[in-house]
Amino acid sequence: MSASQSDKIQQIYISGLRNQHAVENQAIELLERQVGRLENYPEMADRMRRHIEESREQARRIEELLSHFDTSHSSMKDTMMSLVGNMAAIGHAAAQDEVVKNTFANFAFEHFEIASYTSLLTLADMANHTAARSALETSLREEKDMAVWIANHIEDTTRRYAERAAQGMQAGV
Ligand SMILES: [Fe+2]
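What follows deals with the coordination of the iron ion. Only Glu-24 (OE), Glu-24 (OE), Gln-58 (OE1), Glu-113 (OE) and Glu-143 (OE) from the protein coordinate the iron ion, and they sit 2.0 to 2.6 Å from it. Binding-site remark: the iron ion is held by donors from one chain whose sequence spacing is E-x33-Q-x54-E-x29-E. Taken as a pair, Gln-58 in helix 2 (residues 42-67) and Glu-113 in helix 4 (residues 98-126) lie far apart in primary sequence, 55 residues in all.

Here is the structure:
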């Protein structure tokens, strides 16, 4: 591979890292918006609080990887991809079944992140940034764990929501 091709690959990798940094910030906002409202779903609130902390650490890991490339963090502009923006908007919408809709959005969001970290691992390999592998794998594992947790709670959350709504109780949050 020529030097200019290597440079190009490194640019693609760096821009992938920057995009994921923006996604992490979006994830933190999305979860923080939900977590304070989840009074009737305390297990979900606890799991989300943990994932907010994980997401902060994931963002910090990306900053550390980027520092390797002399791209100053202050000049780093977080650009948002429209898909993520749309999912966040779904999460934001106040609906009667807010907790159920947010579950769909969070499930989609985690899978977006799983795809992104899988792609970043490939780009790190292509850019010969072997030192990045363990950080990216740790974040990928956390996203997969969160996605599994959400998947495992779709049924319970739906039942709790529908039963509370049917009893005329506050149900959606
Ligand atoms: Fe994340």
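In this section: the packing of aromatic side chains. For the coordinates displayed, the defined rule picks out one aromatic pair. Seen in terms of ring centroids, Tyr-13 and Phe-69 are 5.7 Å apart; in terms of plane orientation they differ by 85 degrees. Their pairing is edge-to-face. One end of the pair, Tyr-13, is in helix 1 (residues 3-35); the other, Phe-69, is in the loop between helix 2 and helix 3 (82-92), and 56 residues separate them in sequence.

What follows is about the environment of Val-173. As for its placement among the helices and strands, Val-173 is situated in the segment after helix 6 (154-166). Through-space distance from the C-alpha of Val-173 to that of Gln-34 is 8.5 Å; in sequence the pair is 139 residues apart.

Helix 4 packs onto helix 2 with a crossing angle of 25 degrees between their chain directions and a minimal axis gap of 14 Å. As judged from the angle between their axes, helix 2 and helix 4 are roughly parallel. Crossing geometry of helix 2 relative to helix 4 is assigned as left-handed. Taken together, the residues of helix 4 that come into contact with helix 2 (itself represented by Met-44, Met-48, His-51, Gln-58 and Ile-62) are Val-99, Thr-103, Asn-106, Glu-110, Glu-113 and Tyr-117.

Reading the values: the criteria
- Residues numbered from 1 in each chain as written.
- Predicted model: local features only at pLDDT ≥ 70, side-chain atom pairs only at ≥ 80, totals over all residues.
- Heavy atoms only, no water.
- Donors = N, O, S within 2.8 Å, 3.2 Å for Na, K, Ca; no water.
- Helix = DSSP H or I, 4+ residues; strand = E, 2+ residues; numbered from the N terminus.
- Phe/Tyr/Trp six-rings, centres within 6.5 Å; stacked < 30°, edge-to-face > 60°.
- Axes fitted to C-alpha atoms, helices over the stretch in contact; angles between N-to-C directions.
- Parallel < 35°, antiparallel > 145°, perpendicular 65-115°, else oblique.
- Left-handed = near helix turned anticlockwise from the far one by under 90°.
- Contact = heavy atoms within 4.5 Å.

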